[in-house]
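Understanding the architecture of this molecule
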Amino acid sequence: MPSSIPDAAYVNSFNARLAELNSAARVALTRLDGYSGMLELRDDEENFLELIPSEASPEMVAIAFRLYARGCSWGSRRGEEIAFARLRNLIGAADASSHMSYI
């Protein structure tokens, strides 16, 4: 736990512990003024996700990231289900109208 402002050595140690936990999450020093006691939570593609307190443990960050990943996965699957339902509806509507033209 850092005593004040986290530094590069702390971030490297934190990320090493996340890797030991098999987490794709990573943290980085924030460049935002007024957030010196915070770290940036990043995904496996280095995209910014959220600011987290530098006092947070790597274990808690790994859990939070797993929950985030589950939510993204669920949201993607749900979006696919909705898209396919709409597509089936459109195909059904197109199929019904093409049959109607022969009557």
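A short note on the overall build of the protein chain
Along its length, the protein chain carries 2 helices and 3 strands. Its helices and strands taken in sequence order, the protein chain reads α-β-β-β-α from the N to the C terminus. Counting all 103 residues of the protein chain, 24% fall into the buried class. For the protein chain, contacts bridging at least 24 residues in sequence account for 32% of all contacts bridging at least 6. Accessible surface computed for the protein chain: about 7,400 Å², of which carbon and sulfur atoms make up 57%.

Digging into the environment of Val27
Residue placement: Val27 occurs in strand β1 (residues 26–29). Residue class for Val27 comes out buried when judged on its relative accessible area of 4%. Note: C-alpha distance between Val27 and Leu51 (24 residues apart in sequence) is 9.2 Å. Sequence-distant contacts of Val27, that is, excluding residues within four places in its chain, are made with Val11, Phe14, Asn15, Leu18, Leu39, Glu40 and Ile52.

A closer look at the sheet that holds strand β2 (residues 38–42)
If you trace the 3 strands from one edge of the open sheet to the other, you get β1-β2-β3, paired in antiparallel fashion. Since the sheet does not close on itself, it has two edges, and those belong to β1 and β3 (48–53), each with one partner. Within this sheet the neighbouring strands show an average axis-to-axis angle of 35°, counted without direction. Bridge count for β2 against β3 is 5 bridges, and the pairing is antiparallel. Residue pairing across strands places Leu41 opposite Glu50, the latter belonging to β3.

Quick look at the side chain of Thr30
For Thr30, the position within the fold is in the loop between β1 and β2. A relative accessible area of 17% means that Thr30 is categorised as buried. Among all residues touching Thr30, those that are not within four sequence positions of it are Tyr35, Met38, Glu40 and Leu51.

As for the packing of aromatic side chains
Counted under the stated rule, the structure contains 2 aromatic pairs. Taking 5.8 Å as the distance between ring centres and 55° as the angle between the ring planes, the aromatic pair formed by Tyr10 and Phe14 counts as tilted. Taken together, the residues span about one helical turn, with Tyr10 and Phe14 both in helix α1 (residues 8–20) at a distance of 4 residues. Each member of the pair Tyr10 and Phe14 is classed as buried. Ring centres of Phe65 and Tyr68 lie 5.7 Å apart, and the angle between their planes is 40°; this geometry places the pair in the tilted category. Taken together, the residues span about one helical turn, with Phe65 and Tyr68 both in helix α2 (residues 58–100) at a distance of 3 residues. You can call Tyr68 partly exposed: its relative accessible area is 36%.

Each value, and the rule that gives it
Residues numbered from 1 in each chain as written. Predicted model: local features only at pLDDT ≥ 70, side-chain atom pairs only at ≥ 80, totals over all residues. Heavy atoms only, no water. Helix = DSSP H or I, 4+ residues; strand = E, 2+ residues; numbered from the N terminus. Buried < 20%, exposed > 50% of the residue type's maximum accessible area, 1.4 Å probe, protein only. Contact = heavy atoms within 4.5 Å. Areas by Shrake-Rupley, 256 points an atom, 1.4 Å probe, with all protein chains shown as cover. Pairing = 2+ DSSP bridges. Axes fitted to C-alpha atoms, helices over the stretch in contact; angles between N-to-C directions. Phe/Tyr/Trp six-rings, centres within 6.5 Å; stacked < 30°, edge-to-face > 60°.

Note that every value here comes from positions in space, so none of it alone points to a role or purpose.
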